[in-house]
Amino acid sequence: MKWQSITSPTNARIRQLLRLQEKPRERKEAGVVIVEGLREIMLAIGARYTPLELYIAEEFVNQKNISAILEYLEGTSAYMLSQEAFTRIAYRENRDGVVAIFESRNHQLNHIKLSSQPLLLIAESVEKPGNLGALLRTADAAGVDALIVCDPKTDIYNPNVVRASIGTLFSVQVGVATTSEVLVWLQENGIRPFAAALSPKAIPYTQADFRSPVAIVVGTEADGLSHTWLNACPDHIIIPMHGTADSLNVSVSAAIIIYEALRQRSLQP
């Protein structure tokens, strides 16, 4: 692998990388995702994302660890950065001295591969990268078929999504579509959506039957689900609150309900 050296934090390539980090439109037009951290990069490699560029800072990187990824990135444009230059592009607190750029993907619904008994998580209009990252971690931990983001208000390739998801953005099947597209797709695949909502018709989540092909649908913490989803879902479920708060963080709520679905499925003969 042939390395090029970058010492100045104002280098043109460093400035371009910063624009890609900060501007969703720039990332979309370039068709890239920026990944910082050895674990996250290995997950992207494992998911067969195509690597384009690699940036390393000798002052931070563990040479033994970095050797683990170099064999997978042969032929990638490689840059050795000074500590000052790398510090400018690093967005994680605990830096391990490596950043890579991969080609992004088109997350169409028809690319999702479903199991014989699908369990899906659907998030409507998620705004905060941290929440989307946490939902991805939940989806990965529970082994759901896919996380579908409908009408998103944040770029799924936001660097903070990659960071908050600890790289599970690459290990989970992700679909991105409009609400109307998702509703048609669910019907075509025989998947019953359950709306997690504070509504008069909602029943405790433990009383719902999640053993058939289902999708758990969650909304934003501020506004909940839209009327479109509330009207489209035949079943509404709630997590009973026993304190003064009337709701939980969206990823916590999703995890509670999804693991109840897994519990019910584990009891099937």
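Provided above is the structure to which this section pertains.
Along each chain, residue indices are assigned from 1 in the same order as the chain's sequence is written. Residues qualify for local features only when their pLDDT is at least 70, as the model is predicted, and side-chain atom pairs are given and counted only at 80 or more; totals for whole chains, interfaces and linings, by contrast, use all residues. Hydrogens and water are ignored here; the side-chain numbers use all heavy atoms of the structure.

S.K.: Which residues make up the overall build of the protein, and what values do they have?
M.R.: Secondary structure elements follow DSSP: runs of H or I no shorter than four residues count as helices, runs of E no shorter than two count as strands, and numbering proceeds from the N terminus. Across its full length, the protein holds 10 helices and 12 strands. Atoms counted for the radius of gyration: C-alpha only. Globule rule: 2.2 Å times the number of residues to the power 0.38. The C-alpha atoms of the protein give 21 Å as radius of gyration, which agrees with the globular expectation for 269 residues (18 Å, within 12%). Buried positions account for 47% of the 269 residues belonging to the protein. Across the protein, contacts joining residues at least 24 apart in sequence account for 82% of those joining residues at least 6 apart. Throughout, exposure labels follow a simple rule: accessible area from a 1.4 Å probe, protein chains only, divided by the maximum for the residue type, with under 20% read as buried, over 50% as exposed, and the rest as partly exposed. It only takes one pair of heavy atoms within 4.5 Å for two residues to be counted as in contact.

S.K.: Any chance you could break down the sheet that holds strand S2 (residues 32–36) for me, citing the residues and the numbers?
M.R.: Think of a sheet as strands paired side by side through backbone hydrogen bonds, with each pair either parallel or antiparallel. One open sheet accounts for 5 strands, arranged S1-S4-S3-S5-S2; its pairing is mixed. In this open sheet, the two edge strands, each paired with only one partner strand, are strand S1 (3–6) and S2. For this sheet, the mean inter-axis angle between neighbouring strands, taken without regard to orientation, is 20°. For two strands to be treated as a pair, DSSP must find no fewer than two bridges joining them. Bridge count between S1 and strand S4 (residues 77–81): 4 bridges; the pairing is parallel. Bridging from a neighbouring strand, Ile6 pairs with Leu81 of S4. Throughout, an axis means a line fitted to C-alpha atoms (over the contacting stretch in the case of helices), and angles, computed between N-to-C directions, take values from 0 to 180 degrees. Helix H3 (residues 38–46) contacts S2 and strand S5 (98–103) of the sheet and is inclined by roughly 25° relative to S5.

S.K.: Provide a residue-level description of the nonpolar core, including the pertinent values.
M.R.: Core analysis: the largest hydrophobic core is formed by 50 residues, its most contacted members being Ile69, Phe102, Leu147 and Phe210. The residues touching Leu147, leaving out its near neighbours within four places in the chain, are Leu121, Ala123, Leu132, Leu135, Leu136, Ala139, Val172, Gln173, Val174 and Gly175. Residues belong to a common nonpolar core when they are buried Ala, Val, Leu, Ile, Met, Phe, Trp, Tyr or Cys residues joined through side-chain atoms within 4.5 Å. In terms of nonpolar packing, the next biggest core, distinct from the first, is built from 20 residues, Ala146, Ala177, Trp229 and Cys233 among them.

S.K.: So what about the packing of aromatic side chains? Which residues, and what values?
M.R.: Stacked, tilted and edge-to-face are the three classes assigned to paired rings of Phe, Tyr and Trp, where Trp is represented by its six-membered ring and a pair needs centres within 6.5 Å; plane angles under 30 degrees give stacked, over 60 edge-to-face, the rest tilted. Across all of its chains, the model carries 4 aromatic pairs by this definition. With a centroid separation of 5.0 Å and an interplanar angle of 75°, the aromatic rings of Tyr49 and Phe170 are classed as edge-to-face. On the criterion of sequence distance, the pair formed by Tyr49 in the loop between H3 and strand S3 (51–57) and Phe170 in the loop between helix H7 (159–164) and strand S8 (174–177) is long-range, its members being 121 residues apart. Considered together, Tyr49 and Phe170 belong to a single accessibility category, that of buried residues. Remark: a charge is flagged as sitting over a ring if the NZ atom of Lys or the CZ atom of Arg is within 6 Å of the ring centre and within 35 degrees of the ring normal. Over the aromatic face of Tyr49 sits the side chain of Arg105, whose NZ or CZ is 3.9 Å from the ring centroid.

S.K.: How would you explain the packing of helix H6 (residues 129–142) against helix H10 (residues 250–266) if you had to name every residue and give the values?
M.R.: Viewed as axis vectors pointing N to C, H6 and H10 meet at an angle of 15°, and their least axial separation amounts to 9 Å. Classified by the angle between their axes, H6 and H10 sit roughly parallel to one another. Crossing geometry of H6 relative to H10 is assigned as right-handed. Of H10, the residues touching H6 (which contributes Asn131, Ala134, Leu135, Thr138, Ala141 and Ala142) are Val250, Ser251, Ala254, Ala255, Ile258, Tyr259 and Leu262. Under the grouping applied here, Gly and all other residues not named as nonpolar or charged are polar, the nonpolar ones being Ala, Val, Leu, Ile, Met, Phe, Trp, Tyr, Cys and Pro and the charged ones Asp, Glu, Lys and Arg. Its residues assigned to classes, the contact of H6 with H10 shows 10 nonpolar, 3 polar and no charged. Oblique is the label for any angle not under 35 degrees, not over 145, and not in the 65 to 115 range, which are roughly parallel, roughly antiparallel and roughly perpendicular in turn. Here a crossing is taken to be left-handed if its near helix is turned anticlockwise relative to the far helix by less than a right angle, and right-handed if that turn runs clockwise.

S.K.: Which residues make up a positive patch on the surface, and what are the values?
M.R.: The patch calculation keeps residues exceeding 30% relative accessible area without a salt bridge and links them within 9 Å when they carry like charges or within 5 Å when they are nonpolar (Val, Leu, Ile, Met, Phe, Trp, Tyr). To measure how exposed things are, a 1.4 Å probe is used in the Shrake-Rupley method; for residues, cover is taken only from the protein chains shown. The term salt bridge refers to a side-chain nitrogen of Lys or Arg lying within 4 Å of a carboxyl oxygen of Asp or Glu. A residue counts as positive if it is Lys or Arg and as negative if it is Asp or Glu; His and the chain ends are not included. A charged residue contributes its charge at one atom only: NZ of Lys, CZ of Arg, CG of Asp or CD of Glu. Residues Arg15, Arg19, Lys23 and Arg88 make up a contiguous surface patch of positive charge. For Arg88, a relative accessible area of 38% puts it in the partly exposed group.

S.K.: Got a sec to walk through the side chain of Thr138? Specific residues and values, please.
M.R.: Mapped onto the fold, Thr138 is located in helix H6. A relative accessible area of 10% places Thr138 in the buried class. Not counting the four nearest positions on each side in its chain, Thr138 is found in contact with Ser251, Ala254, Ala255 and Ile258.

S.K.: Give me the pairing of S4: which residues, what numbers.
M.R.: Looking at chain direction, S3 and S4 are connected through 5 bridges and run parallel. Looking at the pairing, Ile56 lines up with Met80 of S4.

S.K.: Explain H10 to me, using residue names and the numbers behind them.
M.R.: With 17 residues, H10 should reach 24 Å at 1.5 Å per residue; the first-to-last C-alpha distance of 24 Å fits that figure. Taken as a whole, H10 has its buried residues at Val250, Ser251, Ser253, Ala254, Ile257, Ile258, Glu260, Ala261, Gln264 and Arg265. Its buried side turned inward, H10 meets strand S6 (119–124), H6, strand S9 (192–196), strand S11 (214–218) and strand S12 (235–238). For a helix, the expected span equals 1.5 Å multiplied by the residue count minus one.

S.K.: Hey, could you go over the pattern of salt bridges for me, with residue numbers and the actual values?
M.R.: For the structure on display, the rule yields 5 salt bridges. Here Arg27 and Asp155 are joined by a salt bridge, their closest N and O atoms 2.8 Å apart. One end of the pair, Arg27, is in helix H2 (residues 24–30); the other, Asp155, is in the loop between strand S7 (146–150) and H7, with 128 residues separating them in the sequence. Take Arg27: its relative accessible area is 2%, and that puts it in the buried class. The class of Asp155 is partly exposed, set by a relative accessible area of 22%.

Any link to function would need more than the numbers given here.
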